[in-house]
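Report on the structure
Next come the chains, spelled out residue by residue.
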Amino acid sequence: MATTMQDEGKQTPVIELRDVDKHYGDLHVLKNINLEVDKGEVLVIIGPSGSGKSTLCRTINRLETIDSGQILIEGKPLPQEGKELAAMRAELGMVFQQFNLFAHMSILDNVTIGPIDVLGVPKEKAQAEAMELLKRVGVAEQASKVPAQLSGGQQQRVAIARSLAMHPKAMLFDEPTSALDPEMINEVLDVMVELARQGMTMIVVTHEMSFARRVADRVVFMADGQIVEEGAPDEFFDHPKSERAKEFLESISGH
């Protein structure tokens, strides 16, 4: 659904990585990564542990720096630091494995702090919008509680609402369900499915293969710091081209 506009003079990708390389000391964690994500596209990144998936996700809003290459947001290079970087970060929602909510603040305050402090939204407006978002993710009745009073699945849904409150151009999800108990995973994935349906541009690093098959426009398979293969979900899962992808899919098929 995201590629239909490309033929009309190709739109600028929302996110683009060009020849991105990164090392941790001697460890080469990202090797010549080239990737484009178009408006409204859901890109799911999968691969074995240690393949560079999370690092790739975290370079996109500069939580991790890169050694060489370029990252562009709507055609503009990612700023190095300062106000420009803060402004661009505000346009990319990020949801982590750990929920990163402010423990001492109510759920409502967790969702309104960004719009009020960063975007300058008046408090009443921010609160009204936050309540709508909390309702959308199914936790409106928890608004006055603090994070510790919520389950992991509820906290992660609050984290998604908090990102949405900033009206992001794209959402980055770094294994958003990996810290959750099995029965809470679907309640978070359901919110993400709904976001995808509403046209949110998303990059999702996940181990949830059924989610990848159901929601992704494109699956990217990484191993050893490289993009080994990418394609439509059915094509990738049913007919992987590389030996590495075949091995990976076989290793998880029993799970």
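Residues numbered from 1 in each chain as written. Predicted model: local features only at pLDDT ≥ 70, side-chain atom pairs only at ≥ 80, totals over all residues. Heavy atoms only, no water.

- If you look the protein chain up in an unreviewed UniProt entry, it shows as ABC-type polar-amino-acid transporter from Olsenella porci.
- Its UniProt record gives the protein chain a comment under Subcellular location (unreviewed entry), which states: "Cell membrane".
- Its UniProt record gives the protein chain the following Catalytic activity (unreviewed entry) comment, quoted word for word: "a polar amino acid(out) + ATP + H2O = a polar amino acid(in) + ADP + phosphate + H(+)". (UniProt positions renumbered as here; feature names shortened; annotations may be inferred.)

1. Here we look at unusual backbone geometry
- Even without being glycine, Glu-74 reaches a positive phi, approximately 50°.
- Within the element layout of this structure, Glu-74 appears in the loop between strand S4 (68-73) and strand S5 (76-77).
- Residue class for Glu-74 comes out partly exposed when judged on its relative accessible area of 36%.
- Positive phi values are uncommon outside glycine, yet Asn-100 reaches one of about 55°.
- Relative to the assigned elements, Asn-100 resides in the loop between strand S6 (92-95) and helix H3 (107-117). (Helix = DSSP H or I, 4+ residues; strand = E, 2+ residues; numbered from the N terminus. Buried < 20%, exposed > 50% of the residue type's maximum accessible area, 1.4 Å probe, protein only.)

2. Let's talk about the environment of Val-14
- Counting through the fold element by element, Val-14 comes out in the segment before strand S1 (15-24).
- Separated by 61 residues in sequence, Val-14 and Gly-75 place their C-alpha atoms 7.3 Å apart.
- With residues up to four places along the chain from it excluded, the contact list for Val-14 reads Val-37, Asp-38, Lys-39, Leu-72, Ile-73, Glu-74, Lys-169, Ala-170 and Thr-201. (Contact = heavy atoms within 4.5 Å.)

3. Looking at the sheet that holds S4
- With antiparallel pairing, the four strands of this open sheet are ordered in space as S2-S1-S4-S5. Two strands close off the open sheet at either side, each with one partner strand: strand S2 (27-37) and S5.
- When S4 meets S5, the two strands line up antiparallel, connected through two bridges. Its bridge partner being in S5, Ile-73 is matched across the sheet by Lys-76. (Pairing = 2+ DSSP bridges.)

4. Notes on helix H2 (residues 82-90)
- Considered for burial, the residues of H2 that qualify are Leu-85, Met-88 and Ala-90.
- Against the buried residues of H2 lie S4, S5 and S6.

5. Here we look at the nonpolar core
- Among the nonpolar cores identified, the biggest contains 51 residues, and Ile-46, Leu-134, Ile-160, Met-171, Phe-173, Met-192 and Met-202 are the most heavily contacted of them.
- The greatest single-element share of this core, amounting to nine residues, is contributed by helix H6 (residues 182-197).
- For Met-171, the contacting residues outside a window of four places in its chain are Gly-93, Val-95, Ile-160, Ser-163, Leu-164, Leu-195, Met-200, Thr-201, Met-202 and Ile-203.
- Leu-17, Leu-30, Ile-73 and Ala-170 belong to the second largest nonpolar core, which has 27 residues in total. (Core = buried A, V, L, I, M, F, W, Y, C linked by side-chain atoms within 4.5 Å.)

6. Structural notes on the pattern of salt bridges
- Inspection of every chain in the model, using the stated rule, returns 16 salt bridges.
- Of the charged contacts, one joins Arg-157 and Glu-187 as a salt bridge, the two residues approaching to 2.9 Å between their closest N and O atoms. Highlighted residues: Arg-157 in helix H5 (residues 152-164) and Glu-187 in helix H6, separated in sequence by 30 residues.
- The salt bridge involving Glu-235 is made with Lys-241; its shortest N-O contact spans 2.8 Å. (Salt bridge = Lys/Arg side-chain N within 4 Å of Asp/Glu carboxyl O.)

7. Some words on the packing of helix H4 (residues 123-136) against H5
- Between H4 and H5, the least distance of the axes is 9 Å, while the angle of their chain directions is 140°. One way to sum up the angle between H4 and H5 is to call them oblique. Here H4 runs over H5; the crossing is right-handed. Counted together, Leu-133, Leu-134 and Arg-136 of H4 and Val-158, Ala-161 and Leu-164 of H5 form the full contact between these two elements. (Axes fitted to C-alpha atoms, helices over the stretch in contact; angles between N-to-C directions. Parallel < 35°, antiparallel > 145°, perpendicular 65-115°, else oblique. Left-handed = near helix turned anticlockwise from the far one by under 90°.)

8. Topic: the confidence of the model for the protein chain
- Residues at a pLDDT of 70 or more form 96% of the protein chain, whose mean pLDDT is 91.
- Overall, residues 1-7 carries pLDDT values under 50, and its contacts beyond four positions in sequence, including any with other chains, amount to twelve contacts. (pLDDT = per-residue confidence, 0-100.)

9. Points about the packing of aromatic side chains
- Tallied over the entire structure, the rule returns three aromatic pairs.
- Taken together, a centroid distance of 5.2 Å and an interplanar angle of 75° make the contact between Phe-236 and Phe-237 edge-to-face. Residues Phe-236 and Phe-237 agree in their burial class; the two are buried.
- An aromatic cluster of three or more residues is present, and its members are Phe-221, Phe-236, Phe-237 and Phe-248. (Phe/Tyr/Trp six-rings, centres within 6.5 Å; stacked < 30°, edge-to-face > 60°.)

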